[in-house]
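Coordinates in review
Each chain, written out:
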Amino acid sequence: MKRNIAVILAGGVGKRLGLSTPKQFFKVAGKMVVEHTVDVFERNPRIDEIAIVSNPYFIDEFENITLRNGWRKVKRILKGGKERYDSSLAAIRSYGDEEVNLIFHDAVRPLLSQRVLDDVIDALATHDAIDVAVPSADTIIEVEGDFISAIPDRARLRRGQTPQAFTIAAIRSAYEKALTDPAFRATDDCGVVRRYLPDTPVYVVRGEETNMKLTYKEDTYMLDKFFQLRNCTPANCGPEGTGLAGRVAVVFGGSYGIGAEIVCMLRERGAAVHSFSRGETGTDVGRRSDVEDVLRQVAAGEGRIDLVVNTAGVLNKEPLAAMSAETIAAAVNTNYMGTVNVAVAAYPYLRQSKGKLIFFTSSSYTRGRAFYSIYSSTKAAIVNFVQAIAQEWECDGIKVNCINPERTRTPMRVKNFGNEPADSLLTAEKVAEATLEALASDYTGLVIDVRRKGIDED
């Protein structure tokens, strides 16, 4: 049986993304994009070997990444060239003496599913060339100059993805012929086979919309959300909070609302939970010394701290001009400085335990709103803070995430808005469940949206 070789095409420089480093090194969910991508192939038992094709300037970087991740299947790190097809040729020539299957995949498509990969491998048993594609949801037009020349039938159109897979004999033969053509131009490997080996059919495996390619800045937002959706499924996290039993947890703001539900659910799942709040224990997260004192006490009694959750926050719904200086200072101190204080004070304990840290933002963080100026701006600051320290503390093994609940029925909301229809609000229990899933997961740096099922944010 032929060996299946995954070829990760990572030779890009990321000009269209507008970053200072290539897009394959962009971080999402606590890892570089290319790390997520290689992990997909590393985990698949039917992949025998992995080769990474890199820009020559980043060979050393990929060697270090391979060692850091402990990838056992990565056997070759090859130099690419100026054109995309140079990367394919590097792999073809490297394995030219072996009868293998080559499975080419873009390094910047990190959400390839095992289902698609398995379907591609299955197809190699009966076909020499395989593509992956999804139906086109948009009408595609052909133009001449600035005018439509044709509108193809959308039912017959597909949008190509990767992986693209071939027997090495087929792809090698296609390129041998292509390189003798002075007019040769290539955008993908299946196109080369289709043009230069017209008698070789290219079988199409159905892809998935989540198998997106990171190309533009706007794609980073979608990629983040797709990772969130993938990682927050019960198969990955477990609705029962798998792995939380025996953990030592500290919850700030745990006396009522979402915090109280988190405390209750953690205890139900076997965690040793310590709850602190201003009203219940006199603990003010806006005072660093208060936070340091209670964490020191918990660590002394339990021997460690594994999980820290901060739900403490205040909402003053009023125009900025009507707010007193004291009210503004108190809101900023609790909502933002409280977040900073909890993070800094928890750091030494979580570094030791390789623990997890959860903060809360609000759906209002995406844009400032009248009557919410201080609340919205502090919640936006929390998002940026979480994303920053998630990267800073990655090497320490600390996972940091942010929960972003839709409008939720809590005492704080009732105080500011009065009675609202129950079906228009999330329950505190629903938000607590999402928090436990995040605590049981292994991702970091995500803003985790919690919404009523099938209803968009108002």
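Refer to the preceding data block for the structure.
Here we summarise the structure given alongside this text. Since the model is a prediction, treat every value here as computed from it, not as a measurement.

**Observations concerning the overall build of the chain**
When helices and strands are counted, the chain shows 15 helices and 17 strands. For the chain, buried positions account for 51% of its 458 residues. Across the chain, contacts joining residues at least 24 apart in sequence account for 73% of those joining residues at least 6 apart. Carbon together with sulfur atoms contributes 50% to the accessible area of the chain, which is approximately 21,700 Å² in total.

**A few points about helix α12 (residues 325-353)**
The terminal C-alpha atoms of α12 lie 40 Å apart, and with 29 residues this matches the ideal 42 Å at 1.5 Å per residue to within 8%. In the structure, α12 departs most strongly from a straight axis at Tyr-347, where the bend amounts to approximately 50° and where the proline Pro-348 lies between one and four residues downstream. Among the residues making up α12, those that are buried are Ala-331, Thr-334, Asn-335, Gly-338, Thr-339, Val-340, Asn-341, Val-342, Ala-343, Ala-345, Ala-346 and Leu-350. Looking at the buried side of α12, the elements it contacts are β12 (248-252), α10 (278-281), α11 (288-302), β14 (307-310), β15 (356-360) and α13 (373-392).

**Focus on the sheet that holds β12**
Read from one edge to the other, the open sheet built from six strands follows the order β13-β12-β14-β15-β16-β17, with strand pairing classed as parallel. Looking along the sheet, the strands with just one partner apiece sit at the ends: β13 (272-276) and β17 (447-450). In this sheet, neighbouring strand axes are inclined to one another by 20° on average, regardless of whether the strands run parallel or antiparallel. Bridge count between β14 and β15: three bridges; the pairing is parallel.

**Description of the pairing of strand β16 (residues 399-405)**
Among the seven residues of β16, six are classified as buried, and the element is accordingly described as predominantly covered. Inspection of the sheet shows β15 paired to β16 by five bridges, in the parallel sense. Bridging from a neighbouring strand, Ile-358 pairs with Asn-401 of β16. Between the parallel elements β15 and β16, the chain passes through α13 in a crossover that is right-handed. Of the strand pairs in this sheet, β16 and β17 are connected by four bridges, and their pairing is parallel.

**Notes on the packing of aromatic side chains**
Following the criterion strictly, the structure yields ten aromatic pairs and no others. Judged by centre distance (6.4 Å) and plane angle (65°), the ring pair of Phe-359 and Phe-385 falls under edge-to-face. Here Phe-359, found in strand β15, pairs with Phe-385, found in helix α13; they are 26 residues apart in sequence, far enough to count as distant. Taken together, the aromatic side chains of Tyr-85, Tyr-175, Phe-184 and Tyr-196 make up a single cluster linked through ring pairs. The ring centre of Tyr-95 lies 3.8 Å from the NZ or CZ of Arg-76, which sits over that ring.

**Here's the deal with the pattern of salt bridges**
Overall, the coordinates contain 24 salt bridges when judged by the stated rule. A salt bridge links Glu-35 to Arg-68; the nearest nitrogen and oxygen atoms lie 3.4 Å apart. Of this pair, Glu-35 sits in helix α1 (residues 33-43) while Arg-68 sits in helix α2 (residues 59-69); the two residues are 33 residues apart in sequence, bridging distant segments of the chain. With a relative accessible area of 51%, Arg-68 lands in the exposed category. Arg-76 is the partner of Glu-98 in a salt bridge, and the nearest nitrogen-oxygen pair spans 3.1 Å.

**What about the environment of Leu-117?**
Within the fold, Leu-117 resides in helix α4 (residues 114-123). With a relative accessible area of 0%, Leu-117 lands in the buried category. The spacing of Leu-117 and Val-205 is 88 residues in sequence and 9.4 Å in space, taken between C-alpha atoms.

**Description of the packing of α12 against α13**
In the contact formed by α12 and α13, the axes pass within 10 Å of each other and the chain directions differ by 10°. Relative to α13, the element α12 lies roughly parallel. For the element pair α12 and α13, the recorded crossing hand is right-handed. Here Ile-328, Ala-331, Val-332, Asn-335, Tyr-336, Thr-339, Val-340 and Ala-343 of α12 lie close against α13, whose contacting residues are Ile-374, Tyr-375, Thr-378, Ala-381, Ile-382, Phe-385 and Ile-389. Class assignment of the residues belonging to the contact of α12 with α13 gives a composition of twelve nonpolar, three polar and no charged.

**Re the nonpolar core**
Of all hydrophobic cores here, the largest spans 38 residues; its most connected members are Leu-223, Ile-262, Leu-266, Phe-360 and Ile-403. Of all the elements in the fold, those that place two or more residues in this core are α7 (217-231), β12, α9 (257-268), β14, β15, α15 (428-440) and β17. If you tally residues by element for this core, the top one is α15, at eight residues. Filtering out sequence-adjacent residues up to four positions away, Phe-360 remains in contact with Ile-258, Ile-262, Val-309, Asn-310, Thr-311, Lys-379, Ile-382, Cys-402, Ile-403, Pro-405, Val-431 and Thr-435.

The rules behind the values
- Residues numbered from 1 in each chain as written.
- Predicted model: local features only at pLDDT ≥ 70, side-chain atom pairs only at ≥ 80, totals over all residues.
- Heavy atoms only, no water.
- Helix = DSSP H or I, 4+ residues; strand = E, 2+ residues; numbered from the N terminus.
- Buried < 20%, exposed > 50% of the residue type's maximum accessible area, 1.4 Å probe, protein only.
- Contact = heavy atoms within 4.5 Å.
- Areas by Shrake-Rupley, 256 points an atom, 1.4 Å probe, with all protein chains shown as cover.
- Expected span 1.5 Å × (residues − 1).
- Bend = angle between axes of the 7 residues up to and from the residue.
- Pairing = 2+ DSSP bridges.
- Axes fitted to C-alpha atoms, helices over the stretch in contact; angles between N-to-C directions.
- Right-handed = clockwise from strand over helix to strand, strands pointing away.
- Phe/Tyr/Trp six-rings, centres within 6.5 Å; stacked < 30°, edge-to-face > 60°.
- Lys NZ or Arg CZ within 6 Å of the ring centre and 35° of its normal.
- Salt bridge = Lys/Arg side-chain N within 4 Å of Asp/Glu carboxyl O.
- Parallel < 35°, antiparallel > 145°, perpendicular 65-115°, else oblique.
- Left-handed = near helix turned anticlockwise from the far one by under 90°.
- Nonpolar A, V, L, I, M, F, W, Y, C, P; charged D, E, K, R; others polar.
- Core = buried A, V, L, I, M, F, W, Y, C linked by side-chain atoms within 4.5 Å.

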